[in-house]
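Residues per chain are reported as follows:
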Amino acid sequence: MSGSKQRMREKKLSKQPASVQYTSSPFSSSQGGGSWNGMETPKSGHSSSTYGASPGGPSDRGGWVRGHQKDGGAYEEELPKFITAAAFAVARASEVQAMMKAVTKETGSCHVSGAIPNHMRRRAMSHNTKRLPCRLREVATRMREKGLKAGPKKKEQPKSKSRKARRRHGNLLLEFNRRQRKSVWLETHIWHAKRFHMLKKWGYCLGDRPTAKCYRACHRAMSHHCLLQDLSYYCCIELQGDEDKLLACLSQLTSKDTGPTFAAVLALSGRRQGSATVYRAGQYPSQPLGPVTFLWRPRTPGSSHRQLWIWAHPTLKQSLFPELQSVCQCREPVIPAVALVVTPAEPGPSASKPGPRQAKKSPGAKRKRSAGDGEAPPEKKIVGDGTRPPSAPVTWTSASTGIVINDLTMEVVRYRLIGPQSHAVLTEALEAATDCDAVSKAQASPLWWPQHCKDQAQMTLHRQQAEVFQTLKGVCSTGEVPPGTVLGLNVEDPRLALPQKRTQALSVVSADQDIDETTRELMLKGVPEHCCQSSLWDRFVRDNVTDNKLSEQPTCGWVMSRRHQISQCVTPQEINRRKGEVLVPGSRLRPTPPQSRVPVLMVQQPGKQVGQEMSGWGAGWDLLLPKGWGMAFWVPLVYRGVRIGGLKMSLKHSQNKGAPYFPHDFPDCPAGACFQGEQETELLNQFKRRPPAKRTNYIKHGCLAPFRCPWQQLVEEWELITSEAPEVGSSSGVEERRGQGGVEPGWRPRPETAVQSGFSVLRNRKSLKLLSNWCRPTTAKGQRSLRARDQAPLDAASGAALLAAHVKALAWVRLSLLSKGRPELHAQVCVATQEDLQRLGDKKEAYSGPLEHPHKDRFKNKVKRRKKGGKKGSKKASPVPKSSTTLPTPEAPDPHPDSPLALGACSLPAAAGQTSASPSCPPAPAEGPSSSSSSAASPANLVLGLWPEPLPSVTAHCSRVTLGWVTQGDFSLSAGCGEALGLVSLEGLVHTLMAQPAERRGLVLLRNPSALHYRWAKINLEA
């Protein structure tokens, strides 16, 4: 056989099924005595020619082998001589079954034309069955009758509607209501979503920062004009009951040592808004919850029943609300009544007949919605909290104390205006409500204002409040009004006097003008107590105003209220129509519709109250409104030239004021600890998203925790430092450690000195004033010193007494850089050495601060070996025993001349139960199983550039001893230098102040996590 024929035969045999097997040698068949697939070969000793077959070729192995053979062996040329039919059929049963299935299977369309060859198919066969063969006509007829009985197929709706359909008002409303089920939307959400970067936080969808570049413009607005913010996400909790019982219950949550409480005289009268730090019941000074602001309703003559509003951050409400229920013993929920949905009666026989103008509608035809349809009203916009189910209780009562707690979250809209011209914006945008005419008073009306006008005492109070509101126009700046002043007022709908274009509201008086006696009395004494009353406290009035608000959006002919049908009402488009009929565009519409009176509360927000710098900066007004009226007041305020700020600007506002911001600056609170964990996760994920070559190696920069602040470890280490020192304030404790050159390998803190877990932030007013006097508060750049107060001098006795009263405490401080620099988040606050202070005092040398020696990354090689091992595979990787997971102590890096390593020092011991991992001291042997530490430091858990857990000593890891960290910092446009807010160890602060000379007291060093240069900063502890 030629080579071409052999290749052709091999090609044909290669396409045969795998079950086909051919014998290649008669000897193998005779030895086996069997058959292959029903094909038998003769059992004679005849051997077929193998054409050069070799002993090791395929003929020796038996069976057909596909492919070219290396030894040049040939294949059998002879086929089987005979076939047994029965055995062959059994062997081919599966193939025959598959063939029959393929023949009888219909096509994908399941139509009879699928059984016809392609060349015989015709288009007319689909509707004329006579064109089909006779054997298929009966089947085609049955399929046609079946299709007629099923009727026309319904048109499938596309998954995504067109933009025109989605932009219809009804569809938009349905979509917005659906999206509010998970995260709560504020009433100004649509306005913010078009202009801000939105952020889902604390269960709300809030505006973080504007899309436009307006950071400096917003700061100018806070300093010279007005900045507007929506704070409606703050939670309002209402308490009602007897005054004495309320004060007795709330006294368990506060302490007089931290400042005014709920029982403050001015706040209790209702003339001022108060603020306090709330703790768990009877746990002061530990277990704080956070800061709250509260507002008492003015007293009613002859009644001891009081009403209190407590405003808290959303993260604080989770822990505050159960605590209020516990102290007030309000555990009985009041289930709200669910409104019954009345279904319309079925139409009678006459109503079901189509009229003469009604055309017969096909099943798939569209139908326009008309106002005369007997259907339910269209979907309403969600006003308030859309995530709360209707059956969820919002009221809790107590049978023993008689106190009632109401959750008014999202029931009251709160706007904050910040800036010296905030009062001018309010006086220009708002106008006191006018009295109703005699006809409106005589008629019965479901609206609240006509009933309010019938009471002469209420109208007299309203006129007095309007006079006080007009007096605000004579004030030059918002900060001149007493802090926390409250003013109640009934105003008209501000949409009735919306200007044509955006203008800037300014005060009508200047600073050098003389003021009248009425304005001077307002600036000194504030608003009288009876003028602080407002109808906004009444739930019935709030609901009535919300239900009867005039909307500017078409509602398909329905103008409905929740409880009443408005008989004399203005159509939704009436406001816009009447605006077009006025002679002077932008003038106020007259007469005022009866639905356009709204009760409001104005609360003055104090600015910077501590220190001597920028006193009153950041003052403003808070405007409280009933829900549903958010956009009706928001747009008129925007048209008065205000700037809009988000969450980021709130943070900058508190930073410039020098006040702590919740929850960032409250690490001892549950909300602050939760925020720190979330922030660490977010920063770590952001760090890992960057390429490894673009990441900052924080190990080389000497930064142990760049994404969090280990406060607990800090206070424990400083407590060990001060406990070893012979007296408070002496630097011998640190110097002795440096002189010893190390500690014992098996050193552990003594049981009596082992501190308990937990720390607290110092909030005692007397202690803060004492520390403020010791730090010698100066201006932002430390240019002049203030007059010392009448406080105890800084000595060992006073320092020891302060530390004994506040154990494991942190002090909140404000840091001002003395030279250039911009503090960053989690920057280290360190203690300056004596040499640093001497070089700073040398006038011949411009000393801006020391430099940190670069550290050695002892984990870099382990990370690289892990990556290489993953690429090569597990086969080449050598097995690592369990004992090798604990990292050995590497060689110490070259010490800096100023570092404790060069002076023979050892790092301070870490927290109790943790070993010190300082470069110069070997770790102490573990006294127990260290599975957690070994697994955390294993190569699989290492991240390039980050120090693994557990951390070594945080105080003496670098060349300068660490005092604390910065929680927020940036370049301050108000002070003209870099400013930061942070927390430092109280023991470390007192220890440092005692060791510093009087002329250099309060100077510390500040270093960013990604920098090696220390900057000089001044501690300003203002109380």
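Residues numbered from 1 in each chain as written. Predicted model: local features only at pLDDT ≥ 70, side-chain atom pairs only at ≥ 80, totals over all residues. Heavy atoms only, no water.

## Quick look at the sheet that holds strand β18 (residues 643-644)
Step number 1: The mixed open sheet is built from six strands, whose spatial order is β15-β16-β17-β14-β6-β18. Only two strands of the sheet have a single partner each, and these edge strands are β15 (486-492) and β18.
Step number 2: In this sheet, strand β17 (residues 620-626) lies alongside strand β16 (residues 597-605) in antiparallel orientation, the contact comprising five bridges. Residue pairing across strands places Met602 opposite Leu623, the latter belonging to β17. (Pairing = 2+ DSSP bridges. Helix = DSSP H or I, 4+ residues; strand = E, 2+ residues; numbered from the N terminus.)

## Points about the pattern of salt bridges
When the charged atoms of two side chains lie near each other, side chains of opposite charge can form a pair.
Step number 1: The tally for this structure, following the rule as stated, stands at 20 salt bridges.
Step number 2: Among the ionic pairs, Arg495 bridges to Asp493, the shortest N-O distance being 2.7 Å.
Step number 3: You can call Arg495 buried: its relative accessible area is 6%.
Step number 4: Taking the shortest distance from any N to any O, the salt bridge between Asp970 and Lys652 comes out at 2.9 Å. Residue Asp970 is found in strand β22 (residues 962-972), and its partner Lys652 is found in helix α23 (residues 647-657); the two are separated by 318 residues along the sequence.
Step number 5: The class for Asp970 is buried, based on a relative accessible area of 11%.
Step number 6: With a relative accessible area of 12%, Lys652 lands in the buried category. (Salt bridge = Lys/Arg side-chain N within 4 Å of Asp/Glu carboxyl O. Buried < 20%, exposed > 50% of the residue type's maximum accessible area, 1.4 Å probe, protein only.)

## Here's the deal with a nonpolar patch on the surface
Step number 1: Taken together, the side chains of Val96, Met99, Met100 and Val103 define a hydrophobic patch exposed on the protein surface, amounting to about 400 Å² of accessible area.
Step number 2: A relative accessible area of 47% places Met100 in the partly exposed class. (Patch = residues over 30% accessible without salt bridge, like charges linked within 9 Å, V, L, I, M, F, W, Y side chains within 5 Å. Areas by Shrake-Rupley, 256 points an atom, 1.4 Å probe, with all protein chains shown as cover.)

## Regarding the packing of helix α25 (residues 711-724) against helix α32 (residues 986-995)
Step number 1: The geometry of α25 relative to α32 is characterised by a closest axis approach of 8 Å and an angle of 45° between their N-to-C directions. Comparing their axes, α32 and α25 come out oblique. Note on element contacts: α32 touches α25 through Glu987, Gly988 and His991, opposite Trp718, Glu719 and Thr722.
Step number 2: Considered class by class, the residues forming the contact of α25 with α32 number one nonpolar, three polar and two charged. (Axes fitted to C-alpha atoms, helices over the stretch in contact; angles between N-to-C directions. Parallel < 35°, antiparallel > 145°, perpendicular 65-115°, else oblique. Contact = heavy atoms within 4.5 Å. Nonpolar A, V, L, I, M, F, W, Y, C, P; charged D, E, K, R; others polar.)

## Digging into the nonpolar core
Step number 1: Core analysis: the biggest nonpolar cluster contains 60 residues, and Leu228, Trp309, Tyr415, Leu472, Leu623, Phe633 and Leu637 have the highest contact counts within it.
Step number 2: The residues contacting Leu623, other than those within four sequence positions of it, are Val413, Arg414, Tyr415, Leu426, Leu430, Val600, Leu601, Met602, Phe633 and Leu637.
Step number 3: Residues Ala827, Leu951, Ala980 and Leu989 belong to the second largest nonpolar core, which totals 52 residues. (Core = buried A, V, L, I, M, F, W, Y, C linked by side-chain atoms within 4.5 Å.)

## Some words on the packing of aromatic side chains
Step number 1: Scanning the model with the defined rule gives 20 aromatic pairs in all.
Step number 2: Ring centres of Phe321 and Trp396 lie 5.1 Å apart, and the angle between their planes is 70°; this geometry places the pair in the edge-to-face category. Highlighted residues: Phe321 in helix α13 (residues 314-328) and Trp396 in strand β12 (residues 395-397), separated in sequence by 75 residues. Taken as a pair, Phe321 and Trp396 share a single burial class, namely buried.
Step number 3: Plain terms: the ring middles of Trp711 and Trp965 are 5.4 Å apart, the flat faces sit at 80° to each other, and that makes the pair edge-to-face. Taken together, the positions of Trp711 in helix α25 and Trp965 in strand β22 put the pair 254 residues apart, joining distant regions of the chain.
Step number 4: Over the ring of Tyr1014 we find Arg960; its NZ or CZ atom is 5.9 Å from the centre of that ring. (Phe/Tyr/Trp six-rings, centres within 6.5 Å; stacked < 30°, edge-to-face > 60°. Lys NZ or Arg CZ within 6 Å of the ring centre and 35° of its normal.)

## Some details on a positive patch on the surface
Step number 1: A cluster of basic residues, Arg163, Arg166, Arg167, Lys194 and Arg195, forms a positive patch on the protein surface.
Step number 2: Along the chain, the position of Arg166 falls in helix α7 (residues 163-166).
Step number 3: For Arg166, a relative accessible area of 43% corresponds to the partly exposed category. (Lys, Arg positive; Asp, Glu negative; His and termini not counted. Charge placed at Lys NZ, Arg CZ, Asp CG, Glu CD.)

## Let's talk about the sheet that holds strand β4 (residues 196-201)
Step number 1: Taken in spatial order, the three strands of this open sheet run β3-β5-β4, and their pairing is mixed. Single-partner strands in this sheet number two, and they are β3 (184-185) and β4.
Step number 2: As paired strands, β4 and strand β5 (residues 204-210) are joined by six bridges and run antiparallel to one another. Paired with Met198 across the bridge in β5 is Gly207.

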